[in-house]
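# Breakdown of the fold
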Amino acid sequence: MIGVMMKLLSDFIAVKGESSALPAALTEAGFPEDTSFRLDLYYPDEQWQKLFSTGAVLLKMPVEEFELAFASHCGEDLGKRFAGFFRGASSCREMIRRQPLIHNFIAASLRDAA
């Protein structure tokens, strides 16, 4: 999973939970409790899944409710964080057309130069 999603998920858990929720979720998911995710790194999908499911349990939310609340959080955050990606699009269809370009750009930053 791309780092921006890990960052969004950890921010969501921190905002929605008590002060101990994020450190507890990180520890339970196998990360050090002070982990700060980098936007430009790739993290194994298994780590994403573990943090996601742990977050839902710690926030005492059914997975479906957690998923919808997280999606709303992502929309708000990404709209601010990457406003330029959204600003030039006149419709959802245009955003979908941009997706290959955006994904290729992000993937290029994750390639190992070695």
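Look up: the structure comes first, before these words.
Figured I'd write up the structure that's included with this text. On a predicted model such as this, the values are computed, not experimentally measured, just so you know. (Residues numbered from 1 in each chain as written. Predicted model: local features only at pLDDT ≥ 70, side-chain atom pairs only at ≥ 80, totals over all residues. Heavy atoms only, no water.)

## What about the environment of Met 95?
Mapped onto the elements of the fold, Met 95 is located in helix H6 (residues 92–110). Taking the C-alpha atoms as reference points, Met 95 and Lys 60, separated by 35 residues in sequence, lie 34 Å from one another. (Helix = DSSP H or I, 4+ residues; strand = E, 2+ residues; numbered from the N terminus.)

## Brief notes about unusual backbone geometry
Most peptide bonds adopt trans geometry, and most residues besides glycine take a negative phi value. Of note, the phi angle at Lys 60 is positive, near 55 degrees, even though the residue is not glycine. Secondary-structure assignment places Lys 60 in the loop between helix H3 (45–58) and helix H4 (63–81).

## Structural notes on the packing of helix H1 (residues 3–16) against H4
Close contact between H1 and H4 brings their axes to 10 Å; oriented N to C, the two are set at 115 degrees. Considering how the two elements wind past one another, H1 and H4 form a crossing that is right-handed. Taking contact as the criterion, the partners of Val 4, Met 5, Lys 7, Leu 8, Leu 9, Asp 11, Phe 12 and Ile 13 in H1 are, on H4, Phe 66, Ala 69, Phe 70, His 73, Cys 74, Asp 77, Leu 78 and Arg 81. Here the contact of H1 with H4 is composed, by residue class, of 11 nonpolar, one polar and four charged. (Axes fitted to C-alpha atoms, helices over the stretch in contact; angles between N-to-C directions. Left-handed = near helix turned anticlockwise from the far one by under 90°. Contact = heavy atoms within 4.5 Å. Nonpolar A, V, L, I, M, F, W, Y, C, P; charged D, E, K, R; others polar.)

## Here's the deal with helix H2 (residues 21–28)
Taken residue by residue, H2 has Ala 21, Leu 22, Ala 25 and Leu 26 as its buried positions. The arc enclosing the buried residues of H2, seen along the axis, measures out at 125 degrees, which places them on a common side. In this structure, the buried side of H2 is in contact with H1 and H3. In the stretch just after H2, Gly 30 is the one whose phi turns positive, near 95 degrees. (Buried < 20%, exposed > 50% of the residue type's maximum accessible area, 1.4 Å probe, protein only. Arc of directions from axis to C-beta.)

Take it as geometry only, folks, not as evidence of what the structure does.
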